[in-house]
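These are the residues of each chain, in order.
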Amino acid sequence: MSANRTGICHICGNDGPLSYEHIPPHSMGNSKPVKSYRVADIAEKHGTTNVKFTNGIRYHQHQRGVGFQTICHKCNNYLGGHYVKAYTGCISELGALLQEAKSDKNGNGIHLEAHNIPVLAFIKHVISNFCSTTQPGTMLDCRDFLLDCENRNLPDRYRLFMFAVPENGTFVSSGWIQLLLNEEGLKTANLAFIATYPVGFYLYDAESSSAEPDSSRYGCEITSMAKQPWGAEPNFSIDLPYMTISNSFPVPISQNLK
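Numbering of residues starts from 1 in every chain and runs along the sequence as written. Predicted model: local features are reported for residues with pLDDT of at least 70 only, side-chain atom pairs are reported and counted for 80 or more only, and whole-chain, interface and lining totals are derived from all residues. Side-chain numbers here rest on the full set of heavy atoms in the structure, without hydrogens or water.

1. A short note on helix α4 (residues 119-133)
Rules: Secondary structure follows DSSP: runs of H or I at least 4 residues long count as helices, runs of E at least 2 residues long count as strands, and numbering of each begins at the N terminus. Residue count minus one, scaled by 1.5 Å, sets the expected span of a helix. Per-residue accessibility, obtained with a 1.4 Å probe over protein chains only, is compared with the maximum for each type, and a residue is labelled buried under 20%, exposed over 50%, and partly exposed between these values.
Along its 15 residues, α4 runs 22 Å from first to last C-alpha, staying within 8% of the 21 Å computed at 1.5 Å per residue. Among the 15 residues that make up α4, 15 are buried, leaving the element largely enclosed by the rest of the structure.

2. Quick word on the environment of Pro136
Inspection of the secondary structure assignment puts Pro136 in the loop between α4 and α5 (143-147). For Pro136, a relative accessible area of 57% puts it in the exposed group. Sequence separation between Pro136 and Thr70 is 66 residues, and the spatial gap between their C-alpha atoms is 8.0 Å.

3. Structural notes on the pattern of salt bridges
Heads up, the condition is: A side-chain nitrogen of Lys or Arg and a carboxyl oxygen of Asp or Glu constitute a salt bridge if their distance falls within 4 Å.
Tallying each qualifying case throughout the model produces five salt bridges. Here Arg157 and Asp141 are joined by a salt bridge, their closest N and O atoms 2.8 Å apart. Of this pair, Arg157 sits in the loop between α5 and β7 (158-164) while Asp141 sits in the loop between α4 and α5, and the two are 16 residues apart along the sequence. Ionic pairing is found between Glu212 and Arg159, a salt bridge with its closest N-O pair at 3.3 Å. Linking Glu212 in the loop between β11 (199-205) and α6 (215-218) with Arg159 in strand β7, this pair joins segments that are 53 residues apart in sequence. According to the relative accessible area criterion, Glu212 is exposed, its value standing at 64%. Given a relative accessible area of 23%, Arg159 falls into the partly exposed group. Residues participating in the shared-partner salt-bridge network are Asp141, Arg157 and Asp205.

4. Notes on helix α2 (residues 73-82)
Heads up, the rule is: Within this analysis, the arc is defined by the directions that extend from the helix axis to the C-beta atoms.
The set of residues buried in α2 consists of Cys75, Asn76 and Leu79. For α2, the angular spread of the buried residues around the axis is 100 degrees, confining them to a single face. In α2, the exposed positions angled more than 90 degrees off the buried face are occupied by Lys74, Asn77 and Gly81.

5. Quick look at the environment of Asn76
Relative to the helices and strands, Asn76 resides in helix α2. In the structure, Asn76 is positioned 71 residues away from Leu147 in sequence and 10.0 Å away in space, judged by C-alpha atoms.

6. Side note on unusual backbone geometry
Of note, the amide linkage connecting Tyr197 to Pro198 takes the cis form, showing an omega dihedral of 10 degrees. Inspection of the secondary structure puts Pro198 in the loop between β10 (186-196) and β11.

7. Quick word on the nonpolar core
Nonpolar side chains tend toward joint burial in soluble globular proteins. For the record, the criterion: Residues grouped as a nonpolar core are buried Ala, Val, Leu, Ile, Met, Phe, Trp, Tyr and Cys residues, joined through side-chain atoms within 4.5 Å. The contact rule is simple, with two residues in contact once any of their heavy atoms fall within 4.5 Å.
Of all hydrophobic cores here, the largest spans 54 residues; its most connected members are Phe122, Ile127 and Phe201. If we skip the residues at most four places from it in the chain, Phe201 touches Tyr87, Phe122, Val126, Phe130, Leu160, Phe161, Met162, Phe163, Ala192, Phe193, Ile194 and Ile222.

8. A short note on the packing of aromatic side chains
The criterion, for reference: The criterion for an aromatic pair is that two Phe, Tyr or Trp rings (for Trp, the six-membered ring) have centres within 6.5 Å, with stacked assigned to planes under 30 degrees apart, edge-to-face to planes over 60 apart and tilted to the rest.
Counted under the stated rule, the structure contains ten aromatic pairs. Arranged with centres 5.6 Å apart and planes meeting at 50 degrees, the rings of Phe163 and Tyr202 form a pair that is tilted. Taken together, the residues Phe163 in strand β7 and Tyr202 in strand β11 connect sequence positions 39 residues apart. Of the two residues, Phe163 and Tyr202, neither departs from the other in class, the shared state being buried. Put simply, the rings of Phe161, Phe163, Phe193, Tyr202, Tyr204 and Tyr218 touch in pairs and so form one group of aromatic residues.

9. Points about the pairing of strand β14 (residues 243-246)
Convention followed: Only strands that DSSP links by at least two bridges are regarded as paired with each other.
With burial as the criterion, only one face of β14 is covered, namely that bearing Met243 and Ile245; the residues Thr244 and Ser246 on the opposite face remain uncovered. As paired strands, β14 and strand β15 (residues 249-252) are joined by four bridges and run antiparallel to one another. Each bridged residue has a counterpart across the sheet, and for Ser246 the counterpart in β15 is Phe249.

That is the geometry; function is a separate question.
Written out as structure tokens, the structure is:
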């Protein structure tokens, strides 16, 4: 991507120069050249959305690690100064627990207990990543939530789910996509996802979906963490299902979702 790229910031909506947002953060080792492929190109050439079929597919070379040039310098600096440290601390802890749990070959998930995670900062970082990776203008209602560290008003239309990703080296993401679910009649689910080892997230837009989100499909819901006060580090425990990347979508290892 051009270092001088300009456009509409996905968070504040202002038009101007855009900075490079690393996902996952640069401090987590995301600094080496990486190839990325478009699922649409894979589907057109090979008739499948399986991300393993990259032979003959054009790719984009991320020279500085995986990232997106979609938010302005001012927003990027605010996010980095307030939220990244909380996120990287939690993810490092989860990665260590995941390595320990790999000896349990029959396990379908991981139990995580935490006592020193500033959860509001963690949630805000995750939401900012979705702003960076979804279509421009579609998450501008998160502006106040993200640019005021003490703001706890995540718009009601969002529901956030978390899962564990056991595959080292994994990175997949999507913009907003709409799934047709043939469950109790034809219903729709409008969602986006980001999966990076060792953890990933589904963001569900209840406002534009007719189906209720299914925690067995998307992971453990953590939306309520956005209501915690700034700086609070409450004790909490969650059970995260292991997800694998199948046909470009994160799906539970214990299920065969098609």
